[in-house]
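Spelled out from the first residue to the last, the chains are:
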Amino acid sequence: MQIVFAILAFCFIIIIHELGHFVAAKLSGVQVNEFSIGMGPVLFRWGKGETTYSLRLLPIGGFVSMEGEDGESSNPRAFNRRPIWKRMIVILAGAVMNLILGYFVTLGYLATCDDIATTTVSSFRDQSVSSSQLMIGDRITAIDGLPVFTASDIVYKLQNSDTKNANGNLVIDITVKRDGQKVVLNDVEFATKQNKDGSGSVYLDFTVLPMEQTFGNMVTESFRESASIGRLIIMTLIDMVRGKYGLNDLSGPVGVVQVVSDTIATQEVWLPDFLYLFAFLTINVGVFSLLPIPALDGCRFLFLVIEAIRRKPLKPEAEGMVHFVGFALLMVLMIVVTFNDITKLFTGG
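Remember, predicted model here, so these are calculated numbers, not experimental data. (Residues numbered from 1 in each chain as written. Predicted model: local features only at pLDDT ≥ 70, side-chain atom pairs only at ≥ 80, totals over all residues. Heavy atoms only, no water.)

Engineer: I'm lost on the nonpolar core in this one. Help?
Structural biologist: Most often, soluble globular proteins keep nonpolar side chains buried together rather than apart. Counting residues in each nonpolar core, the largest one holds 28 residues, and the members touching the most others are Val 105, Val 260, Phe 274 and Leu 281. Counting only elements with at least two residues in this core, the list comes to α1 (2-27), α2 (84-112), α4 (215-241), α5 (253-266) and α6 (271-289). Considering each element in turn, this core owes the most residues, 8 residues, to α6. In this view, Leu 281 contacts Ile 13, Val 256 and Val 260; residues no more than four positions away in its chain are not counted. (Core = buried A, V, L, I, M, F, W, Y, C linked by side-chain atoms within 4.5 Å. Buried < 20%, exposed > 50% of the residue type's maximum accessible area, 1.4 Å probe, protein only. Helix = DSSP H or I, 4+ residues; strand = E, 2+ residues; numbered from the N terminus. Contact = heavy atoms within 4.5 Å.)

Engineer: Explanation requested: α2 in the structure shown.
Structural biologist: Spacing of three or four residues puts side chains on the same side of an α-helix, whose turn is 3.6 residues. Between its first and last C-alpha atoms α2 spans 42 Å; for 29 residues at 1.5 Å apiece the expected length is 42 Å, and the two agree. Ala 93 marks the point of greatest bend in α2, at about 40 degrees. (Expected span 1.5 Å × (residues − 1). Bend = angle between axes of the 7 residues up to and from the residue.)

Engineer: Could you clarify how one ought to interpret unusual backbone geometry in this entry?
Structural biologist: Negative phi is the rule for most residues except glycine; trans is the rule for most peptide bonds. The phi dihedral of Asp 144 is positive, around 55 degrees, even though this residue is not glycine. Mapped onto the fold, Asp 144 is located in the loop between β4 (139-143) and β5 (146-147). Asp 144 sits in the partly exposed class, given a relative accessible area of 42%. Notably, Asp 179 is not glycine yet its phi reads approximately 55 degrees, a positive angle. On the secondary structure map, Asp 179 appears in the loop between β6 (170-178) and β7 (181-190).

Engineer: I would appreciate a short explanation of the pattern of salt bridges in the present structure.
Structural biologist: When their charged atoms lie close together, side chains carrying opposite charge are able to pair. Scanning the entire structure with this criterion turns up 9 salt bridges. One salt bridge connects Arg 45 with Glu 34, and the closest N-O pair in it is separated by 4.0 Å. Glu 34 gets classed as buried once you look at its relative accessible area, which sits at 14%. Put simply, Glu 69 and Arg 300 hold a salt bridge, and the shortest N to O gap is 3.9 Å. Of this pair, Glu 69 sits in the loop between β2 (51-66) and α2 while Arg 300 is found in helix α7 (residues 297-310), placing the two residues 231 residues apart along the sequence. Its relative accessible area of 13% is what places Arg 300 among the buried residues. The structure contains a network of salt bridges with shared partners spanning Lys 26, Glu 50 and Arg 77. (Salt bridge = Lys/Arg side-chain N within 4 Å of Asp/Glu carboxyl O.)

Engineer: Mind showing me how you'd approach a nonpolar patch on the surface here?
Structural biologist: Taken together, the side chains of Leu 43, Phe 44, Trp 46, Leu 55, Leu 57 and Leu 58 present a nonpolar region at the surface, about 590 Å² in accessible area. Taken together, the elements giving at least two residues each to the nonpolar patch come down to β1 (32-48) and β2. For Trp 46, the position within the fold is in strand β1. For Trp 46, a relative accessible area of 49% corresponds to the partly exposed category. (Patch = residues over 30% accessible without salt bridge, like charges linked within 9 Å, V, L, I, M, F, W, Y side chains within 5 Å. Areas by Shrake-Rupley, 256 points an atom, 1.4 Å probe, with all protein chains shown as cover.)

And the structure:
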């Protein structure tokens, strides 16, 4: 049941994305030929009006097929004949829907938590090292120059920094607001510990103040948390380009379903963790789809920007070829990542 629930959650994220394109296209007067959930062979297909709706075998995505989207069409309702600003809205609508969904899921996550964490230090744990510079009441505003929005930012930055001193402890610069003044603390030290699997991690030796869980606070903090998740995804992508993460660190649909399933199965109170993971996944889909990679919405939007600047479109054949090659490469990557996911599933990696 956990796996079924995880698959449904993943499919819902895809449906919301494609629904954004679909609704925007309909409102913009574009003829939609097909609305599909999943890829590959068709399992079910039914028609209503001008649009065919289909459910396909592989739950790894979906698509909205619009008349004149990848070529010329004489149909007055074709995508390529709509005003450029309407086409831009249609292209961006999928990602926007994912980001909106991410915000509301984050709001649900905060509503299920016992309290809302702030970035203000409230106490120090046993054997604290950072207390030599940090003080109770300090509000952390930046770590290593990165602005801090939420407590999640603190955890992420500390766990993903690797500058150590001679004692093997993490040292990092932290900016705080202390008694109304901005104070920069250089080389704040945190102890590291060895995990059972041999990896190392930072000992987060302080706690933060909780925030009153009012509706207004949850609405505001949901924006902060959503922005934090989006920024975290972008930073992770940049780290991948720099070589910090490899192909083996990527997860596809199989890996995602496994993580969601494990979250539900291993947590006694699983709903908050599940909602945070759900928010992370849908924001991830929204941010990733906006990247200027061929076949993704970001690249299609880039072509529209170029068209607006040139005041004439690029050759449909050339644009179509770019998207075709990009789609083929993404499918190859998806196959490789899925194979890795399945291998990890059976080997416990």
